[in-house]
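# Coordinate inspection notes
Here is how the chains run, residue by residue.
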Amino acid sequence: MTVEQSSQVDTGFLEQVEDASRRYATRTAERDGHMEALEQHGILYADTQERVNSRLNRMGVDWAMATAIERTSETATTGTSLDLDRELVSTDLLTLERFMGRNDLIGIDYLEGGFLAARSVGRITVRSPGSSHHGTGFLVSPSLLMTNNHVLGSAEEAAAGVVEFNFQSGLDGRPLVPVVFQLDPQSLFVTHRDLDFTVVAVSERSRDGQPLASFGRLPLKEAQGKAVIGELVNIIQHPNGEPKQLALRDNQIVDVLDDFVHYAADTARGSSGSPVFNDQWEVVALHHAGAPRKDRDGNVLAVDGTRWHPSMGEHRVDWKANEGVRVSRILGMIQQFPLSGAAAALRAELFAAGSSLHPVEASPSTVLTDRMDGAAPQNTTRGRNGEQPATTGAVRWSVPLHISVSLDADAPQPRAESPAAEPAHRATTPSYGRSLAGIGSIDGQSPAERDLAAAMVNLAAFRARPYYDEAADLTARDAYYAGIHPGNPTGLRLALTQRLESTHERRPAYKPMRLLYPWVDLHPDEKLRGIYSDKGFTPQELIAADAAVEAARIGRWQEFMLHESAPGREAIEAELDLLEASLPFNCEHVVPQSWFAKKEPMRGDLHHLFACESACNSFRGNIPYFDFPDFDEAVRHACGRREPAKFEPSKGKGPVARATLYFLLRYPGMIGDEARELQRGGLELLLNWHRDHPAGIYEQHRNAAIAEMQGNRNPLIDHPEWAEQIDFAGAWP
């Protein structure tokens, strides 16, 4: 931060310094133990066994190799040789010996890696009336920048800010021309005071028209093993707003806390918002503050021994230790923010970027343009900043999809479906789902790319069709229920169950972006609406968001498999559950998946799937529906009202009631055997919602579209009067 600082920034920075100093002081005993272990036994014994093993696994070497190098060092002075074929393991040795402090030689590629990493680091400048300040930030995805909360503490502050790349000297010592991008908090802004981070979107083009993509990104990875106690770290920074500088291997990690990492300051001075790197140029932490030296009166000291004042800039503080926020903790917190629509898609980009195996590789986004016989779509879409796409008559969206995993190279290539090609959606279609099949890259395309391509083809194709053909649907309805007559409640239920099961010929895998968003769940205005909030989205928004989520899931799965040695079935299931919970699609199962153990065909049955922003999806969870007597007067979340084991949605009561009643008919005995699921007492609530909120053209369109795709229909939409004549109670176990 610069000499011209606002009091708000001063206060935020000083609070972080005090917090960091307190944490550092309380860890004196642990830190001394780490240093003693380093001195007496070496780096393999200074951190926990789990973290050291994770670090060795990440570097591709094992414990035996590491201990062999330790013994080599110990016996060097005696002339004793160790039976270690250094030629065969030379690739591992240099990295491992550097890691263990046994060798200061570094491969020349290290410099290239640092140069590429530095491209993504920029100087943040915030100017507002009467004050200004600087900080450091770095790109963590194709669209997002990370810095400290005390640098950008609010969306209003970010809106007044810019980030400058290339604010540095060139090879000839002359300054380069900075490239300035406006920050874009309206697209995404998340911040957290305690973990002192802020993530904000950046404009896609600089003030002079250069693309943000040309400055790459520094993906953030949740995987353990990026650094351990005793390693040296690097910091690329803009201290005091000065041109970009590098603190090269000048800080040694001395302690690892739950949320933070401490590194002893030797000669390097940290700078707010800087990335902290290991020797592989992976981001280990977000630098934010440190523990300063103080005089007897508790005043912070400057490097020249005088009392420090904020006007001097933080680079003049005499730090005795620096503190960074652990990347894994930041990512965990980012997942908890209730984002939806385009903002959720940008967040998913961050996690997709983190799955790249090359931390500093800048890959362009994949752009898919689909045309159907040259026909222009009825609606055009705008980019994140509102620009109209240059190409007309095309469905166009950009999502960063550059994941390639080879776990099932023999899986068949699914084709992009049009309405007439629906049989390709059978359960045998390669699907992420609960299976590992289909995750592999086929013909250079990941599953997320294939799903996105199919969704966009479907979107264009469906737009050429009428939204709802009432005459044709009435004819189809009458033919479907031929031979079924009301009169006997149990007989009617059994007849409908048999008809729904026997006509359920095509059973789509759970991929809402392919069918649900392009057509099934569209409203008459050609928009999707959150089933609980009624918030509107374009189909392109949710298709792109889910494609990015799928890419992120695949990337994190790849990371898991790379760093887990032969995981068992339970570990695999737990990881899949974690991925789905932390990276949800914008889709709601009105009968929660946990109630039927996420099994097919229930999981992909379109009749009970609805568009739903992830925030509302998480807000409801797997809580049964409930009717609060004072619901209309209560202060409630936009998605509804929730109390323990009770949830009432703000909108969508009629559709969710009819979808749940369909589920009872189609899958009798499947739900209701647990106290936390739908109980018999909830039947009256569903019937009331069905009666009070009758089906309209939206549900009639859904029913006709699903019938075409799956083969079966929802009787509660076709014959709402049957609701009172069906023995639903017999559908419970």
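What counts and how
Residues numbered from 1 in each chain as written. Predicted model: local features only at pLDDT ≥ 70, side-chain atom pairs only at ≥ 80, totals over all residues. Heavy atoms only, no water. Disulfide = S-S within 2.5 Å. Helix = DSSP H or I, 4+ residues; strand = E, 2+ residues; numbered from the N terminus. Buried < 20%, exposed > 50% of the residue type's maximum accessible area, 1.4 Å probe, protein only. Axes fitted to C-alpha atoms, helices over the stretch in contact; angles between N-to-C directions. Parallel < 35°, antiparallel > 145°, perpendicular 65-115°, else oblique. Left-handed = near helix turned anticlockwise from the far one by under 90°. Contact = heavy atoms within 4.5 Å. Nonpolar A, V, L, I, M, F, W, Y, C, P; charged D, E, K, R; others polar. Core = buried A, V, L, I, M, F, W, Y, C linked by side-chain atoms within 4.5 Å. Salt bridge = Lys/Arg side-chain N within 4 Å of Asp/Glu carboxyl O. Phe/Tyr/Trp six-rings, centres within 6.5 Å; stacked < 30°, edge-to-face > 60°. Lys NZ or Arg CZ within 6 Å of the ring centre and 35° of its normal. Expected span 1.5 Å × (residues − 1). Pairing = 2+ DSSP bridges. pLDDT = per-residue confidence, 0-100.

### A few points about the state of the cysteines
Under the criterion given, the structure shown has one disulfide. Across the disulfide from C616 sits C639; the S-S distance is 1.9 Å. On the sign convention where negative is left-handed, the bridge of C616 and C639, at about -80° about the S-S bond, is left-handed. One end of the pair, C616, is in helix α16 (residues 614-620); the other, C639, is in the loop between α16 and β20 (640-643), and 23 residues separate them in sequence. The thiol sulfur of C587 is not disulfide-bonded, and the nearest other cysteine sulfur, from C612, lies at 8.2 Å. Relative accessible area serves as the criterion here: at 2%, C587 is assigned to the buried category. No disulfide involves C612; its sulfur sits 5.1 Å from the nearest other cysteine sulfur, which is in C616. Judged by its relative accessible area of 1%, C612 falls in the buried class.

### Focus: the packing of helix α10 (residues 447-462) against helix α14 (residues 539-563)
Closest axis-to-axis distance for the α10/α14 pair is 9 Å, and the angle between their directions is 165°. By the criterion of interaxial angle, the relationship of α10 to α14 is roughly antiparallel. Considering only the axes of α10 and α14, their crossing is right-handed. On the side of α10, the interface is formed by P447, A448, D451, L452, A455, M456 and L459, while α14 contributes P539, Q540, I543, A547, E550, A551 and I554. Partitioned by chemical class, the residues of the contact of α10 with α14 number eleven nonpolar, one polar and two charged.

### Describing the nonpolar core
Core analysis: the largest hydrophobic core is formed by 116 residues, its most contacted members being F197, Y517 and Y532. Counting residues per element, this core draws most heavily on helix α17 (residues 653-666), which supplies eight residues. With 24 residues, the next largest nonpolar core counts I43, L56, V261 and V276 among its residues.

### Some words on the side chain of N617
As for its position among the elements, N617 is in helix α16. According to the relative accessible area criterion, N617 is buried, its value standing at 16%. Each residue touching N617, except ones within four places of it in the same chain, is listed here: F585, C587, E588 and C612.

### Focus on the pattern of salt bridges
Tallied over the full model, the rule gives 35 salt bridges. With a closest N to O distance of 2.8 Å, D451 and K511 form a salt bridge. Remark: K511 occurs in the loop between α12 (489-502) and α13 (516-520) and D451 occurs in helix α10; sequence separation between them is 60 residues. A salt bridge links E648 to K653, with the shortest nitrogen-to-oxygen separation between them at 2.5 Å. Like K653, E648 is buried. Look at the salt bridges and you will find they share partners, linking E15, D19, R22, R193 and D194 into a network.

### Thoughts on the packing of aromatic side chains
If you walk through the whole model with that rule in mind, you get 19 aromatic pairs. Taking 5.2 Å as the distance between ring centres and 65° as the angle between the ring planes, the aromatic pair formed by F277 and W281 counts as edge-to-face. Judged on exposure class, the residue F277 and its partner W281 are both buried. Grouped by ring-pair contacts, the aromatic residues Y532, F619, Y625, F647 and W689 constitute a single cluster. The positively charged end of R123 is found above the aromatic ring belonging to F167, 3.9 Å away from the centroid.

### Quick notes on helix α19 (residues 697-710)
Side chains of residues three or four places apart in an α-helix project in the same direction, reflecting 3.6 residues per turn. Taking 1.5 Å of rise per residue, 14 residues should cover 20 Å, and α19 covers 20 Å from first to last C-alpha, within 8% of that figure. Within α19, ten of the 14 residues are buried, which leaves the element mostly enclosed by the surrounding structure. Packed against the buried residues of α19 are α10, α13, β19 (609-611), α17 and α20 (715-718). A positive phi of about 105° marks G711, the residue just after α19.

### Digging into the pairing of strand β7 (residues 197-201)
Most of β7 is tucked away, with five of its five residues classed as buried. Every second residue of β7 is oriented toward a common face, with F197, V199 and A201 on one face and T198 and V200 on the other, all of them buried. As judged from the four bridges shared by strand β3 (residues 144-147) and β7, these two strands associate in the antiparallel manner. When the bridges of β7 are listed, L145 appears paired with V200. Summarising the sheet, strand β6 (residues 189-192) and β7 pair through four bridges and their orientation is antiparallel. Bridge pairing in β7 places H192 opposite F197. As consecutive antiparallel partners, β6 and β7 are separated by four residues, and within that stretch D196 has a phi angle of approximately 50°, a positive value.

### Let's talk about the packing of α17 against α19
One can describe the packing of α17 onto α19 by two numbers: an axis separation of 11 Å at closest approach and a directional angle of 35°. The hand of the α17/α19 crossing is right-handed. Along its contact with α17, which presents G654, P655, R658 and Y662, the element α19 presents Y698, E699 and Q710.

### Quick notes on the environment of T198
Looking at where T198 falls in the secondary structure, it is placed in strand β7. Given a relative accessible area of 0%, T198 falls into the buried group. Remark: the alpha-carbon pair of T198 and G273, spanning 75 residues in sequence, is separated by 9.0 Å. When neighbours within four sequence positions are excluded, T198 is seen to be in contact with L145, M146, T147, N148, N149, L152, F189, V190 and T191.

### Topic: the pairing of strand β12 (residues 283-292)
Here β12 lies mainly inside the structure; ten of its ten residues are buried. In terms of strand pairing, strand β11 (residues 275-277) meets β12 through three bridges, oriented antiparallel. The partner of P275 across the bridge, within β12, is L286. Connecting β11 to the antiparallel partner β12 that follows it, the hairpin turn spans five residues, and W281 within it adopts a positive phi of roughly 60°. Across seven bridges, β12 lies against strand β13 (residues 319-326) in antiparallel orientation. Its bridge partner lying in β13, A289 is registered against E323.

### Looking at the confidence of the model for the protein chain
Looking at the protein chain, the pLDDT average stands at 80 and 78% of residues meet or exceed 70. Under a pLDDT of 50 for its full length, residues 1-9 has, in the predicted model, 27 contacts with residues more than four places off or in other chains.

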